[in-house]
Amino acid sequence: MRLGSSALAWRVDQLGVFTKPSISAHPSSLVHPGSSVTLHCLSELDFDKFILHKKGITQHFQLPAKIIHAGLPYTQANFSIDTMTPTDAGTYTCYGSLSHYPCEWSAPSDPLDIVITGQYQKPSLSTQMGPMVGSGENVTLSCSSKTPFDKYHLSREGEARDHWLSGWQSHNGTFQVHVPLGTANPFHGGTYRCYGSFKGSPYEWSSPSDLLNLSVTGEDPIPAAYPGTYCPPQGQYHKPDILIGLSGVIISIGIFLSVLIGYWCSIKNRKSKTGEDNIT
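All figures in this text were calculated on a predicted structure; none of them were measured in a lab.

1. Here we look at the sheet that holds strand β13 (residues 124-127)
Then comes step 1: Taken in spatial order, the 4 strands of this open sheet run β13-β15-β19-β18, and their pairing is antiparallel. What marks the edges here is a single partner per strand, and that holds for β13 and β18 (169-171). Strand-to-strand twist in this sheet, taken as the mean axis angle between neighbours without regard to direction, amounts to 35°.

2. Some words on the pairing of strand β11 (residues 101-106)
Then comes step 1: With 2 bridges joining them, strand β10 (residues 90-98) and β11 adopt antiparallel strand pairing. In the sheet register, S97 faces β11, and the bridge partner there is W105.
Then comes step 2: Where β10 hands over to β11, the hairpin turn is made up of 2 residues, counted between the paired strands.

3. Things to note about the state of the cysteines
Then comes step 1: What the rule picks out here adds up to 1 disulfide.
Then comes step 2: Between C143 and C194 runs a disulfide, and the two sulfur atoms are separated by 2.1 Å. The chirality of the disulfide connecting C143 with C194 is right-handed, given an S-S dihedral of about 75°. Remark: C194 occurs in strand β20 (residues 190-198) and C143 occurs in strand β15 (residues 138-145); sequence separation between them is 51 residues. C194 carries the same exposure label as C143, and that label is buried.

4. What to know about the packing of aromatic side chains
Then comes step 1: Overall, the coordinates contain 8 aromatic pairs when judged by the stated rule.
Then comes step 2: Between F18 and F47 the ring centres are 5.7 Å apart and the planes differ by 70°, which places this aromatic pair in the edge-to-face class. Of this pair, F18 sits in strand β2 (residues 14-18) while F47 sits in the loop between β5 (37-43) and β6 (49-54), placing them 29 residues apart in sequence. This pair shows no difference in class: F18 is buried, exactly as F47 is.
Then comes step 3: Measuring from ring centre to ring centre gives 5.7 Å for F47 and F50, while their planes differ by 80°; the resulting arrangement is edge-to-face.

5. Let's talk about empty space enclosed by the protein
Then comes step 1: Applying the stated criterion to the full structure yields 1 cavity of 30 Å³ or more.
Then comes step 2: Elements supplying a minimum of two residues to the lining of the largest cavity: β16 (151-156), β17 (163-166) and β19 (174-183).
Then comes step 3: Taken together, the residues of the lining of the largest cavity break down into 9 nonpolar, 2 polar and no charged.

6. Things to note about the pattern of salt bridges
Then comes step 1: A full pass over the atoms with the stated rule returns 2 salt bridges.
Then comes step 2: Of the charged contacts, one joins D110 and K20 as a salt bridge, the two residues approaching to 2.7 Å between their closest N and O atoms. Taken together, the residues span a long stretch of sequence, with D110 in the loop between β11 and β12 (112-116) and K20 in the loop between β2 and β3 (22-26) at a distance of 90 residues.
Then comes step 3: We note a salt bridge from D210 to K122, for which the minimum N-O separation is 2.7 Å. Placement of D210 in the loop between β21 (201-205) and β22 (212-217) and of K122 in the loop between β12 and β13 is noted, with a sequence separation of 88 residues between them.
Then comes step 4: D210 gets classed as partly exposed once you look at its relative accessible area, which sits at 48%.

7. Notes on the environment of P208
Then comes step 1: Mapped onto the secondary structure, P208 falls in the loop between β21 and β22.
Then comes step 2: Using a relative accessible area of 21% as the deciding quantity, one classes P208 as partly exposed.
Then comes step 3: Apart from residues no more than four positions distant in its own chain, P208 is found in contact with K122, R193, C194 and Y195.

Cut-offs and rules
Residues numbered from 1 in each chain as written. Predicted model: local features only at pLDDT ≥ 70, side-chain atom pairs only at ≥ 80, totals over all residues. Heavy atoms only, no water. Pairing = 2+ DSSP bridges. Helix = DSSP H or I, 4+ residues; strand = E, 2+ residues; numbered from the N terminus. Axes fitted to C-alpha atoms, helices over the stretch in contact; angles between N-to-C directions. Disulfide = S-S within 2.5 Å. Buried < 20%, exposed > 50% of the residue type's maximum accessible area, 1.4 Å probe, protein only. Phe/Tyr/Trp six-rings, centres within 6.5 Å; stacked < 30°, edge-to-face > 60°. 1 Å grid on protein atoms, 1.4 Å probe; cavity = no way out; pocket = protein on both sides within 12 Å on 5 of 7 lines; lining within 4 Å. Points joined across faces, edges and corners; volume = space filled by probe spheres on them. Nonpolar A, V, L, I, M, F, W, Y, C, P; charged D, E, K, R; others polar. Salt bridge = Lys/Arg side-chain N within 4 Å of Asp/Glu carboxyl O. Contact = heavy atoms within 4.5 Å.

Rendered as structure tokens:
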């Protein structure tokens, strides 16, 4: 593996001492053969180094941390795969560590799958209703291929995670899987692709299907109220609600007048008593 860092034996005395860092791939976690990809390990903590580990191997890779500033100080290390091959694909995690505590590592980052694409012929992606659907209509995407893949992956541009389905239906030599998106709303609009893969090589996918640009027309449906609730039309109110409101106002006025009258009587009594004392 060509990650531009030293490979060390997988040994650590204590994990989870510090908060986990994050890991991401640039430009994407889906990589064409021969292309390059960089794995970014990032933390808000002031780590001296980051350690990158690939699931299934007994070695790990480490790099010194660099301090970056993006509003707040962060530490980061960039692990580069210069030429992507099937052996580089897999699940990666990263850790942070301090030089004066070399045997104490952070908790592992969330796992990141690096996938190599273009290993098999591309499938096709379509929708029964065409690329433009009305808001509120049920939408299902169909991924089909001549190859009987074990799993199909649906990817949406701008989302880090893919959605996948296993199993397929065969029709006239074509293998197909259906991905229901549910009731269409503007959120479902976007650019989609699909891929195929086999169980024996889960990190090796087919070439991507041609892009499907899905557009949702119409306004957002008004969300329904919770079951058992009633929302009267605008300007319409129940008479009991009005009576309750008026009763509250009348009671408040009555209390205020009672306090005012009591205060006035108290002042009058004091004046009367003062006058009697003066006469005496």
